[in-house]
Structures are given as structure tokens and as C-alpha cells.
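The residues making up each chain are set out below.
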Amino acid sequence: MEKTLYFCERQGMRVTRDGPSLWIEQPGRAGCRVPGRLIRQAVIVGNVALDAGSLLLLAERGIPVMFLRRDGTPAAALWGVSGVHRQRSGRQRALTGDPSGQDRVLAWLHAWRRGRQLALVRRLDPETAAQWKQRGYRNSDYARWLAARAEATAAPSRPPAFFRGALAELIAVEIAARDWDPHFGVEHKGEPLGLVKDFTDALEPDVHGLWIEPHHESETARAESPWAEPAAVFERVRPRIAALIRLMMDQYADLLWES
């Protein structure tokens, strides 16, 4: 089974390459070897000691690596230089001279984001969802609702930026698997990893759900790392979110071929 690796800053931890595997050393623990063929994605939080060989192994296997700052916000991404599929990236570039095609993709992205917002509100607050269904709502209404729920559940203890970074990494992995150009966004046109940002914005309400819903946080997890429990929470819902991403990718491909 392919694994998601979360490397979180910890004193004395070191990751090095050992042939086709990663060798992980941590104080007070036996060393651990993880074969590269089992790694599906990697998220690195804070100042983690990895040698260049470890990063090269991930890049060679086409595994995008997301680097998060100590507060969980995305800082950078590592992407292998192996070529993007010309035919597929060509369909993306064709949007440059097709304003109507860009508008279709943009409207589709906004529809996905709004749909995920409503799905979250319907699940956690059916009364508000019913009111919005009758009279409509604005993005500012959703922002106020989210802030109120976050305050009620003491959500700041679970940094939302970490969940967004983990979501972006999951999206990056799927984009790489399909040979799309990760930089060719529509809403984030001309930005690095623009397509990753487009998809991340559309599915961000699912990140909000992880942030504001209460989760049991064990003392053991807190002692190990402040990111251990958020990582465990994300892993529990990863199959569901991955299915949403794959559905979006299929629809995105259909939109490009219609352009």
C-alpha cells in the first residue's frame, strides 16, 4: 500500500537516502527504512534535516513534495523535471486564446467551491443551509458563519493552514499522475502552481470542515508533534477527498476538450 509521509520538525530527526529507500532516524527510536516505491506523497513541515539524495529520490519517482512553514502555511513545492504530456498540456495552453473557455473553467471552479460550502453547512448547520437555499447567500455570509463555528469549537488549536497544505499536496500528486501542467491555472493565471491553487481553492471548504469539527486529540500525539493529530485527521478523510479530486480532474479534462 502506498504511503503518505509527513516529516515534521523534530530535534535530532534526520532523513537520508539509502539506495531506493529513505532511512529515517529519530532520537530514542530504531531507524526506519521506507522504500521509495511505497511512497505516494510527502509533506514536510518546518526545518527537517533531509539530504539532497532523499529529495532527489522523491523527484525521480514523480512524487511532488509540499514544504510547509512551522505555522502550517505552504511555502514551496518540489516538482520533478520529467516532462509533462504534450497533448494534455497543449489543451491547457489552448485556453490562452479562448476567453469563453477560460470563463467556463472559472465558472466551473466557482460552482465546485460553492457546492462544497453548501455541503459543509448542510451537514453541520441544516437550519442555516435551508435559509440559504431559500434566499441565497454571499461569500461574506459563509465567511461569517465559518468564523462563528470556529470560535464555538475552539478551532484555532488545529491550524487550518496545515490541512490546506495537505490538500494541495494531494492535488499536486493527482495532477502529476495525469501529466497536466501544474502551473497553468485559470483563476490563478500566471502564478507558480496556478492549477494546484485553483483546485485547492475549489475544495477548501472540505479543509474548513476538518478545521472546525471537533476531534479527539491524544496526549501521546501532542507529545510526539503538534502536527501528529492534524496529520492523522487528514489521513482518515484522505480517501474521500482523493475521490473528489479525481472527479474534478475528470470534469476538467472534459472542459478542456470542449474548448
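Residues numbered from 1 in each chain as written. Predicted model: local features only at pLDDT ≥ 70, side-chain atom pairs only at ≥ 80, totals over all residues. Heavy atoms only, no water.

Q: I'm lost on the packing of helix H6 (residues 160–177) against helix H7 (residues 194–212) in this one. Help?
A: The angle between the axes and the distance between the axes are what describe a pair of packed helices. Where H6 meets H7, the axes come as close as 8 Å, and the angle between the chain directions of the two elements is 135°. Overall, the two elements H6 and H7 adopt an arrangement that is oblique. Regarding H6 and H7, the two cross each other, and that crossing is right-handed. Contact residues: H6 offers Pro 160, Phe 163, Arg 164, Leu 167, Ala 168, Ile 171, Ala 172 and Ile 175, while H7 offers Leu 195, Val 196, Lys 197, Phe 199, Thr 200, Asp 201, Leu 203, Glu 204, Val 207, Leu 210 and Trp 211. Here the residues of the contact of H6 with H7 sort into 14 nonpolar, 1 polar and 4 charged. (Axes fitted to C-alpha atoms, helices over the stretch in contact; angles between N-to-C directions. Helix = DSSP H or I, 4+ residues; strand = E, 2+ residues; numbered from the N terminus. Parallel < 35°, antiparallel > 145°, perpendicular 65-115°, else oblique. Left-handed = near helix turned anticlockwise from the far one by under 90°. Contact = heavy atoms within 4.5 Å. Nonpolar A, V, L, I, M, F, W, Y, C, P; charged D, E, K, R; others polar.)

Q: What is the right way to look at the nonpolar core in this model?
A: Side chains of nonpolar character tend, in soluble globular proteins, to be buried together. Counting 46 residues, the largest nonpolar core has Trp 108 and Phe 234 as its most contacted members. Of all elements in the fold, only strand S1 (3–8), strand S5 (39–45), strand S7 (65–68), helix H3 (99–124), H6, H7 and helix H9 (228–258) reach the threshold of two or more residues within this core. Excluding residues that lie within four positions of it along the chain, Phe 234 makes contacts with Tyr 6, Phe 163, Ala 166, Leu 167, Leu 170, Leu 210 and Ile 241. By size, the runner-up hydrophobic cluster in this structure holds 16 residues, among which are Phe 7, Ile 24, Ala 42 and Ile 63. (Core = buried A, V, L, I, M, F, W, Y, C linked by side-chain atoms within 4.5 Å. Buried < 20%, exposed > 50% of the residue type's maximum accessible area, 1.4 Å probe, protein only.)

Q: Looking at this model, I keep getting lost on the packing of aromatic side chains. Mind explaining?
A: For any pair of aromatic rings, the description rests on two quantities: the centre-to-centre distance and the angle between the ring planes. Summed over all chains, the structure comprises 8 aromatic pairs. Ring centres of Trp 108 and Phe 199 lie 6.0 Å apart, and the angle between their planes is 80°; this geometry places the pair in the edge-to-face category. You can see Trp 108 sitting in helix H3 and its partner Phe 199 sitting in helix H7, a full 91 residues away along the chain. Each member of the pair, Trp 108 as well as Phe 199, carries the same accessibility label: buried. Geometry around Tyr 137 places Arg 114 over its ring, the cationic atom sitting 3.8 Å from the centre. (Phe/Tyr/Trp six-rings, centres within 6.5 Å; stacked < 30°, edge-to-face > 60°. Lys NZ or Arg CZ within 6 Å of the ring centre and 35° of its normal.)

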